[in-house]
Amino acid sequence: MALQLRALWKLHTIDAAIVDIRHKAASMDPGRKIQAEIDKLTAVFDELNAKAKALSAEQTDLELQQKSIETKLRKIDGDLYGGKVVNPREVEDLQHQIDGLKKQRSKNDERILELWDLVPPAKKAAEDAHAPIEAKKKELIEHQKKMIELKKTLETEFKELNAKRPVALEGISAGLMARYDAIRQKHGGLGMTCPDRRGNCSMCGTVLPKKTIETALEDKVVTCEECHRIVYATEGVI
């Protein structure tokens, strides 16, 4: 039985390594966390950029309005003092138009002055918000490269371990193997355990009775009372 238990423990170490690889593969993050950070940064940038563009567009529109107002004022001035309009009522109407255009020009000038102060910092804020996005995108690319390499490594290790498994089965009786496989199916692919330095089950942490450890040291099949895995205890293990 000693040789069978030793062979079973070797098989268990292979199975444990396979389980570990599966856990690592399942927990691999292709970049979701970094992408979430990029999305948050992008949302901030989009808001700041939209504000900067809106202010800039308003400034451009007002400057175009000012040019249009100046054109209208010159035309009215030409009509008014060029002899084209002589009717008092028409003259009065044109004067009202001049007053209205000048008020609008003055109002536009005030807003344009405000925008001269608002547009540059708004653009700067958008530019500053864009820089970390680019940095995070580069980080994502590097992370994805590492994940690809890790995936390749895990796949290679997985194939190597599965190739070793048939050899490790040699020397284990069908009955013991059936018992081991039944335990594995119930406990995440791990059918054996060993006492840690404190005498606890290394899998579930339960204190192993002294009798259990002594029985295991006698190379007899004994299980943890809590997780029911087969306990393997040699001088090299405990």
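Rules used in this analysis
Residues numbered from 1 in each chain as written. Predicted model: local features only at pLDDT ≥ 70, side-chain atom pairs only at ≥ 80, totals over all residues. Heavy atoms only, no water. Helix = DSSP H or I, 4+ residues; strand = E, 2+ residues; numbered from the N terminus. Buried < 20%, exposed > 50% of the residue type's maximum accessible area, 1.4 Å probe, protein only. Phe/Tyr/Trp six-rings, centres within 6.5 Å; stacked < 30°, edge-to-face > 60°.

**Student:** Residues and numbers for unusual backbone geometry, please.
**Tutor:** Although it is not a glycine, Asp219 sits at a positive phi angle of roughly 60 degrees. Following the sequence through the fold, Asp219 ends up in the loop between helix 5 (210-217) and strand 2 (230-231). Asp219 gets classed as partly exposed once you look at its relative accessible area, which sits at 25%. Of note in the backbone geometry, His228 takes a positive phi value of approximately 65 degrees without being a glycine. Along the polypeptide, His228 turns up in the loop between helix 5 and strand 2.

**Student:** Requested: an account of the packing of aromatic side chains, with residues and values cited.
**Tutor:** Evaluation of the coordinates by the stated rule reveals one aromatic pair. Aromatic side chains Trp9 and Tyr232 sit 5.1 Å apart centroid to centroid with 20 degrees between the ring planes, which places their arrangement in the stacked category. Linking Trp9 in helix 1 (residues 2-27) with Tyr232 in the segment after strand 2, this pair joins segments that are 223 residues apart in sequence. Taking the relative accessible area as the measure of exposure, Trp9 reaches 18% and is therefore buried.

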